[in-house]
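Summary of structural features
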Amino acid sequence: MTSISIVYFSGSGHTHLMAEAFAEGASKIADTKVQLFRITGEQIHNGRWGNAEILGALNQSDAIIFGSPTSMGGVAAQFKAFFKAFIDGASSIWARQLWKDKLAGGFTHSGSPSGDKQGTLLYLAINAAQHSMIWVGAGEMNQNGVNRLGSYMGVMGQSVPDFSGTKAAELESGDRLSSLLYGERVANATKKWKNAN
């Protein structure tokens with residue numbers, strides 16, 4: 001049995017929908033356990049993130065997928081607080097390299113086709129590299145609505161912003177399919193990586 005954790009922040013709900021699609025795709029691969037962990041503002045106290053249950057699950061996972069909306073060309077502040085929690089102090093996850101050789105990947109969403117989303121994916125990938133994780137890219141060509149934004153570092157999604165706050169979050173069908181296929185890809189890669197070691 002391989003274990004994949006998806007940890008993400010979602011403000012308006014779009015990144016949450018991407019996380020759900022990723023989980024659906026990963027769950028299609030036999031003997032794969034998928035867990036979703038949503039970062040919330042309530043988990044952050046005095047600027048520091050903390051949730052022992054999530055931390056324990058991440059440490060036990062074979063792969064961790066990170067998701068954040070792109071805001072001003074980078075990850076959301078809540079997600080940055082989550083990442084920062086793992087590098088503070090000599091006993092931190094980073095200092096002890098507890099995530100070394102786990103597989104990693106990422107996804108993001110914003111209101112414009114570009115929105116500098118590449119900056120968010122690079123931030124996620126660099127943090128994974130700092131933890132000595134193995135990054136898995138998206139791996140789908142830009143065709144038939146899949147990977148419509150042309151991202152190979154991870155999955156990008158885009159929806160026209162609704163500033164009225166009255167419309168429920170929706171995911172463009174190609175972005176949902178891209179997330180689903182990425183889930184399958186990461187689950188297959190995780191199984192191969194685990195069986196090889």
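Just so it is clear, the structure is predicted and the values come from calculations on it, not from any experiment. In every chain, residue numbers begin from 1 and rise along the written sequence. Confidence filtering applies because this is a predicted model: local features only for residues at pLDDT of at least 70, side-chain atom pairs given and counted only at 80 or more, and all residues used for totals across whole chains, interfaces and linings. Excluding hydrogens and water, the side-chain figures rest on all heavy atoms present in the structure.

**Re the layout of surface pockets**
Definitions used for this entry: grid spacing 1 Å over protein atoms alone; cavity, a set of points where a 1.4 Å probe fits but cannot get out; pocket, an open set with protein on both sides within 12 Å along at least 5 of 7 lines; lining residue, one with an atom within 4 Å of a point. Grid points are joined across faces, edges and corners, and a volume is the space filled by probe spheres set on the points. In this model, the largest pocket occupies a volume close to 530 Å³. The wall of the largest pocket is formed by 25 residues, among which Ser12, His14, His109, Pro161 and Asp162 lie closest to the centre. Those elements giving two or more residues to the lining of the largest pocket turn out to be α1 (14-27), β5 (63-71) and β7 (103-110). The element that contributes the greatest number of residues to the lining of the largest pocket is β5, accounting for three residues. Residues belonging to the lining of the largest pocket are distributed by class as follows: nine nonpolar, 13 polar and three charged. For the purposes of this entry, the term helix denotes a DSSP run of H or I that reaches at least four residues, the term strand denotes a run of E that reaches at least two, and both are numbered from the N terminus. Basically, the charged four are Asp, Glu, Lys and Arg, the nonpolar ten are Ala, Val, Leu, Ile, Met, Phe, Trp, Tyr, Cys and Pro, and anything else, Gly included, counts as polar.

**Structural notes on empty space enclosed by the protein**
Vacant regions in the atomic arrangement are exposed by a probe of water-molecule size rolled over the atoms. Across all of its chains, the model carries one cavity of 30 Å³ or more by this definition. If you add up the space inside the largest cavity, you get close to 80 Å³. Lining the largest cavity are Ala138, Glu140, Val146, Asn147, Arg148, Leu149, Gly150, Ser151, Gly154, Val155, Met156 and Ser178. Classifying every residue of the lining of the largest cavity by side-chain character gives five nonpolar, five polar and two charged.

**Here we look at the pairing of strand β1 (residues 2-9)**
Burial analysis of β1 places eight of its eight residues in the buried class, which makes it a mostly covered element. Bridging between β1 and strand β2 (residues 32-39) involves eight bridges; their strand directions are parallel. Within the sheet, the bridge partner assigned to serine 3 lies in β2 and is lysine 33. Seen with the strands pointing away from the viewer, any crossover whose path from the first strand over the helix to the second strand runs clockwise is right-handed. Note on the crossover from β1 through α1 to β2: the handedness is right-handed. Relative accessibility under 20% of the residue-type maximum defines a buried residue, over 50% an exposed one, and the middle range a partly exposed one, all with a 1.4 Å probe and only protein chains included. Following DSSP output, two strands are said to pair if at least two bridges run between them.

**A look at the confidence of the model for the chain**
On average, residues of the chain score 91 in pLDDT, and 97% of them are at 70 or above. pLDDT is a residue-level measure of predictor confidence that goes from 0 to 100. Taking the mean pLDDT of every element in the chain, the minimum, 82, falls on strand β4 (residues 48-49) and the maximum, 98, on strand β8 (residues 134-135).

**So, α1**
Expected span of a helix: the number of residues minus one, times 1.5 Å. Look at α1: 20 Å from first C-alpha to last across 14 residues, which is about the 20 Å you get at 1.5 Å a residue. Taken residue by residue, α1 has His14, Thr15, Met18, Ala19, Ala21, Phe22, Ala23, Gly25 and Ala26 as its buried positions. By definition, residues are in contact when any of their heavy atoms lie within 4.5 Å. In the core, the buried residues of α1 are packed alongside β1, β2, β5, β7, β9 (155-158) and α6 (173-196).

**Re unusual backbone geometry**
Positioned with a positive phi, aspartate 31 is a non-glycine residue whose angle comes to about 60 degrees. Counting through the fold element by element, aspartate 31 comes out in the loop between α1 and β2. Residue serine 132 is not a glycine yet carries a positive backbone phi of 60 degrees. For serine 132, a relative accessible area of 24% puts it in the partly exposed group.

**Section: the nonpolar core**
Nonpolar side chains in soluble globular proteins generally cluster together in the buried interior. Joining through side-chain atoms within 4.5 Å is the link that ties buried Ala, Val, Leu, Ile, Met, Phe, Trp, Tyr and Cys residues into a set, and such a set is a nonpolar core. Grouped together as the largest cluster of nonpolar side chains are 26 residues, with contacts concentrated most on Val7, Trp49, Leu58, Phe66, Phe79, Phe82 and Trp99. Secondary structure elements with two or more residues in this core: β1, β2, α2 (52-60), β5, α3 (77-84) and α5 (117-130). No other element matches α3, which puts four residues into this core. Beyond its immediate stretch of four places on either side in the chain, phenylalanine 82 contacts Val7, Ile39, Trp49, Leu58 and Phe66.

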